[in-house]
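Results of the structural survey
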Amino acid sequence: MPGDPTAVRDLFESIAPAYDRLNDALSLGLHRIWKRQAVAWLQPQPGQHLLDLCCGTGDLALVLAEKVRPGGLVLGLDAAAAPLRLAEQRSQASPWLRLRWSQGDALATGLEDGWADGAVMAYGLRNLADPAAGLKELRRVMRSGCRAAVLDFNRPEDRFQKGFQRLYLRRLVVPLARQVGLEEQYAYLETSLARFPSGPDQEHLAQSAGFSRARHRTLAGGQMGLLQLVA
Ligand SMILES: C[S@@+](CC[C@H](N)C(=O)[O-])C[C@H]1O[C@@H](n2cnc3c(N)ncnc32)[C@H](O)[C@@H]1O
């Protein structure tokens, strides 16, 4: 199924109601810390236009919307309608934030060149049918000199880290997802990782996409990766 955009979208439609709870449980809440590191790289400023690609239920977009006040705007874009509905509900609790939610494809956003003063994509790049094309589209919609942060699982080289990741995915993620009837959907994580470019490959792809700077940093003992980009 990785590489099939319709199947991937259907998967995220189906897991949306359980997504946030499972995310917290499976990462012990640590995904918030990794997302904070993505925001720290971005250095959001008041008045900016920021983009959250593959925004899901919108947690990162909401954090960014606080940071671009006053005058800024955050656009959260996702292929699936169900997580976007949850994002919209969430943002209604903070009506003073300038947020827009849009259903669309990260490979063809429809945004004008240079629209964004910064962008994030958390756990999205791995899900795209063509990560290289995703990075090209990201570069196209960014203003030159601005920063983007792409957070995702890392594919460790180290044997111990690799073994730990396999155990984590097979013995914790899948069994926990099974308890809420989502075993198959979460087994997808390991298959999607198998075709995901390594950190150094992501740096090369980003450079080919036209980013002037691309650095992949590992987080969480090699389990996660943060691709720090300058357009
Ligand atoms: C693992 S979730 C990540 C959600 C959120 N960014 C987070 O960190 O919790 C991946 C999201 O990517 C979205 N997605 C997958 N393919 C996409 C595409 N081609 N364009 C836009 N969004 C896509 C899915 O619908 C899903 O909401």
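Summarised in this report is the structure supplied together with it. (Residues numbered from 1 in each chain as written. Predicted model: local features only at pLDDT ≥ 70, side-chain atom pairs only at ≥ 80, totals over all residues.)

This paragraph deals with the site of the ligand. Residues in contact with the ligand amount to 21 residues; listed here are only the nearest, Phe 12, Cys 54, Gly 56, Ala 106 and Ala 122. The element that contributes the greatest number of residues to the shell around the ligand is helix H1 (residues 5-27), accounting for five residues. Of the residues assigned to the shell around the ligand, the class counts are 14 nonpolar, four polar and three charged. (Near = placed C-beta within 6 Å. Helix = DSSP H or I, 4+ residues; strand = E, 2+ residues; numbered from the N terminus. Nonpolar A, V, L, I, M, F, W, Y, C, P; charged D, E, K, R; others polar.)

In this section: helix H5 (residues 131-141). Within H5, the full set of buried residues consists of Pro 131, Gly 134, Leu 135, Glu 137, Leu 138, Arg 139 and Val 141. In this structure, the buried side of H5 is in contact with strand S1 (49-53), strand S4 (116-122), strand S5 (142-153) and helix H8 (199-208). (Buried ≥ 20, exposed ≤ 12 C-beta atoms within 10 Å, placed from the backbone. Contact = placed C-beta atoms within 7 Å.)

The next point concerns the nonpolar core. Grouped together as the largest cluster of nonpolar side chains are 48 residues, with contacts concentrated most on Leu 53, Ala 61, Ala 119, Val 120, Met 121, Ala 148 and Ala 149. Setting aside chain neighbours within four positions, we find Met 121 in contact with Leu 53, Cys 54, Leu 138 and Val 150. Listed in part, the nine residues of the second largest apolar core include Val 8, Val 173, Ala 177 and Leu 182. (Core = buried A, V, L, I, M, F, W, Y, C linked by C-beta atoms within 7 Å.)

Within the secondary structure layout, Thr 191 lies in helix H7 (residues 183-194). Here the alpha-carbon distance between Thr 191 and Leu 77, two residues 114 residues apart in the chain, equals 24 Å.

Residues Gln 185, Tyr 186 and Ser 192 constitute the buried set of H7. Along the axis of H7, the buried positions cluster into a sector of 95°, meaning they face one direction only. Summarising the contacts, the buried residues of H7 are in contact with H1 and helix H6 (159-179). (Arc of directions from axis to C-beta.)

If you walk across this open sheet you meet the seven strands as S3-S2-S1-S4-S5-S7-S6, and the pairing is mixed. Two strands in the sheet have a free side with no partner beyond their single neighbour: strand S3 (99-103) and strand S6 (213-219). Neighbour-to-neighbour, the strand axes of this sheet turn through a mean angle of 15°, independent of strand direction. Both S1 and S4 contribute to a ladder of four bridges, which runs parallel. Bridge pairing in S4 places Leu 51 opposite Ala 119. (Pairing = 2+ DSSP bridges. Axes fitted to C-alpha atoms, helices over the stretch in contact; angles between N-to-C directions.)

Before going further, it helps to examine the packing of H6 against H7. Two elements in contact, H6 and H7, have axes whose closest approach is 7 Å; the angle formed by their N-to-C orientations is 155°. Relative to H7, H6 is oriented roughly antiparallel. Between H6 and H7 lies a crossing of right-handed hand. Contact with H6, carried on its side by Leu 169, Val 173, Val 174, Ala 177 and Arg 178, involves Glu 183, Gln 185, Tyr 186, Ala 187, Leu 189 and Glu 190 of H7 and no other residues of that element. Taken together, the residues of the contact of H6 with H7 sort by class into seven nonpolar, one polar and three charged. (Parallel < 35°, antiparallel > 145°, perpendicular 65-115°, else oblique. Left-handed = near helix turned anticlockwise from the far one by under 90°.)

Checked against the element boundaries, Leu 189 lands in helix H7. Considering only alpha carbons, one finds Leu 189 and Val 174, 15 residues apart in sequence, at a separation of 9.2 Å. Beyond its immediate chain neighbours, meaning those up to four positions away, Leu 189 contacts Leu 169 and Val 173.

A cis amide bond links Arg 69 with the next residue in sequence, Pro 70, at an omega value of -5°. Structurally, Pro 70 can be placed in the loop between helix H3 (59-67) and strand S2 (73-78). Although it is not a glycine, Gln 43 adopts a positive phi angle of roughly 50°. Here Gln 43 lies in the loop between helix H2 (31-42) and S1. Exposure remark for Gln 43: the 12 C-beta atoms within 10 Å place this residue in the exposed category.

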